[in-house]
Amino acid sequence: MGRRRLLATTLILTLGCDKARQLAGGSASAQTPEAPAAARLDLTSRPDMLFQVYGERDDPRMIPVGVLRNGKIEQITLGASGWKQFDDLYGKVGAQYPVYQAGHAIGHVTVRQGMWEAGKDPLYTLPNCELMVPQSAVTLDASGRPGYTVSLFASTRALHEAPVTPMAQGEVDRIGRQVAERVAAAVGLDRAVVDSLDFHAVAASTGVSRWPTIVITMIDRRADEQSSAHEHTSHLLIVADRGEGASEYAPTFKHVVDGDASTGDFRRYIDDVDVAGDGTAELVLEGWKFGGDTFLQFLQYTNGTWTELFRGRSNWCLDDGAR
């Protein structure tokens, strides 16, 4: 289960390209229901968009996540013709967008092929689906050397970059373990169970205080070996911050699973990026359930806690109504 979720973007990319094209042909259909006129996004002003860039580093894809406006990220609502117009505007060959990792610009992507180019097959198809969220094939030009797969964000406008607040990894781990132990005790997790979980902590320069935000993940190391959705599993994702005047870090968000894997609602940390444009970064998580589709969840820091700002789509097929 854990490995399947960690490799979800790579597997979805594979499904979205050659294998899916072999399974089902077709492209956007005029018979797909159009969104109610009042709900459709007006593209005439070319509103700012946030995209996710993912897949193999030498052949990445870019897919829209949401529209950036009024200090928020919102769902893109369009009908079949609107999505075609979207692809014409944002998926045009040669279009360039800045790309971000850990809240900082690291380069740009250039569109190589849009979703529905004249004289070409659609970039990807899905089984039994007429209209899909449009993707673009892009070239990534970024500093550093990304891994074999990438998971980045791109935007049509420059995003605010929070100052880097460095912290040694040893200190991040020490604080992370202390906070995780307090949270586990508060929710009644047995210490032996906590000690058996794989621990990972990362410091994110979100700008919500002069100290970095620490994101802690603790995952059942047997998850990859579980063959049954009804086996017991434990999983924690905790966010901790140190407020002004505080002497130590305290949990500002927690997500705990302790029960059957089939009923678990899991989370993992993806990145942080300032989508609201308020000078502080939002945390981006990936959510999933056992055997289910993944989705992006954006958390915003408000009044000392992290709460959901936006939740992305879990299904790229749009046939079940206008979206």
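Further up the page is the structure itself.
Residues numbered from 1 in each chain as written. Predicted model: local features only at pLDDT ≥ 70, side-chain atom pairs only at ≥ 80, totals over all residues. Heavy atoms only, no water.

Explanation requested: helix α3 (residues 80-90) in the structure shown.
Because an α-helix packs 3.6 residues into every turn, residues spaced three or four apart end up facing the same way. For α3, every residue scored as buried is listed here: Ala80, Gly82, Trp83, Phe86, Asp87 and Tyr90. Angularly, the buried residues of α3 cover 160° about the axis, an arc narrow enough to put them on a single face. (Buried < 20%, exposed > 50% of the residue type's maximum accessible area, 1.4 Å probe, protein only. Helix = DSSP H or I, 4+ residues; strand = E, 2+ residues; numbered from the N terminus. Arc of directions from axis to C-beta.)

I tried to follow the pairing of strand β2 (residues 61-69) on my own but got confused; where do I start?
Every other side chain in a regular strand lies on the same face of the sheet, so the side chains alternate between the two faces. Of all the 9 residues making up β2, 8 are buried; the element is thus mostly covered by neighbouring parts of the structure. Pairing of strand β1 (residues 48-56) with β2, which is carried by 7 bridges, proceeds in the antiparallel orientation. Note on β2: the bridge partner recorded for Gln52 is Ile63. The antiparallel pairing of β1 with β2 creates a hairpin that spans 4 residues between the two strands. Across 2 bridges, β2 lies against strand β6 (residues 136-142) in antiparallel orientation. When the sheet's bridge partners are listed, Arg61 is paired in β6 with Ala137. (Pairing = 2+ DSSP bridges.)

Looking at this model, I keep getting lost on the nonpolar core. Mind explaining?
Soluble globular proteins tend to bury their nonpolar side chains together. The biggest cluster of nonpolar side chains holds 39 residues, and the ones touching the most others in it are Met49, Met62, Ile76, Trp83, Phe86, Tyr97 and Val109. The set of elements that each furnish at least two residues to this core consists of β1, β2, α3, β4 (96-101), β5 (104-113), β6 and β7 (149-155). Those residues in contact with Val109 that sit more than four places away from it in its chain are Val53, Met62, Ala95, Gln96, Tyr97, Val99, Val138, Thr139, Leu140 and Ala154. Val179, Leu189, Val194 and Ile214 belong to the second-largest nonpolar core, a separate cluster that totals 19 residues. (Core = buried A, V, L, I, M, F, W, Y, C linked by side-chain atoms within 4.5 Å. Contact = heavy atoms within 4.5 Å.)

I would appreciate a short explanation of the state of the cysteines in the present structure.
Such a bond, covalent and formed between the sulfur atoms of two cysteines, is termed a disulfide. Under the definition given, this model contains 1 disulfide. Between the sulfur of Cys129 and that of Cys317 lies a disulfide, 2.2 Å long from S to S. Torsion about the S-S bond of the Cys129 and Cys317 cystine: about 110°, corresponding to right-handed handedness. Placement of Cys129 in the loop between β5 and β6 and of Cys317 in the segment after β15 (305-311) is noted, with a sequence separation of 188 residues between them. Exposure remark for Cys129: the relative accessible area of 4% places this residue in the buried category. A residue is classified by how much of its surface remains accessible, and Cys317, at 14% relative accessible area, is buried. (Disulfide = S-S within 2.5 Å.)

Would you mind going over the side chain of Thr217 with me for this structure?
Mapped onto the elements, Thr217 comes out in strand β9 (residues 213-220). Overall, Thr217 belongs to the buried group, its relative accessible area being 10%. With residues near it in sequence (within four places) discarded, Thr217 still touches Asp198, Phe199, His200, His235, Leu236 and Leu237.

It is not clear to me how empty space enclosed by the protein should be interpreted in this structure. Could you clarify?
The gaps of empty space that remain are located by a probe, the size of a water molecule, rolled over the atoms. Going through the model one piece at a time under the given rule, you end up with 2 cavities of 30 Å³ or more. Lining of the second largest cavity is provided by Phe51, Met62, Pro64, Phe86, Asp87, Tyr90, Gly91, Pro134, Gln135 and Ser136. Contributing elements (two or more residues each) for the lining of the second largest cavity: β2 and α3. Of the residues in the lining of the second largest cavity, the class split is 6 nonpolar, 3 polar and 1 charged. (1 Å grid on protein atoms, 1.4 Å probe; cavity = no way out; pocket = protein on both sides within 12 Å on 5 of 7 lines; lining within 4 Å. Points joined across faces, edges and corners; volume = space filled by probe spheres on them. Nonpolar A, V, L, I, M, F, W, Y, C, P; charged D, E, K, R; others polar.)

I would appreciate a short explanation of the packing of aromatic side chains in the present structure.
The geometry of two aromatic rings is summed up by the distance between their centres and the angle between their planes. Counting across every chain of the model gives 11 aromatic pairs. Taking the centre distance of 6.3 Å and the plane angle of 55° together, the rings of Phe51 and Phe86 count as tilted. Here Phe51 is found in strand β1, whereas its partner Phe86 is found in helix α3, with 35 residues between them in sequence. The residues Phe51 and Phe86 share a single accessibility class, namely buried. Through a chain of ring-to-ring contacts, three or more aromatic side chains come together here, namely Phe51, Trp83, Phe86, Tyr90 and Tyr97. The ring of Tyr90 carries Arg46 above its face, with NZ or CZ at 5.1 Å from the centroid. Here Lys84 stacks its cationic end above the ring of Trp116, 5.4 Å away from the centre of that ring. (Phe/Tyr/Trp six-rings, centres within 6.5 Å; stacked < 30°, edge-to-face > 60°. Lys NZ or Arg CZ within 6 Å of the ring centre and 35° of its normal.)

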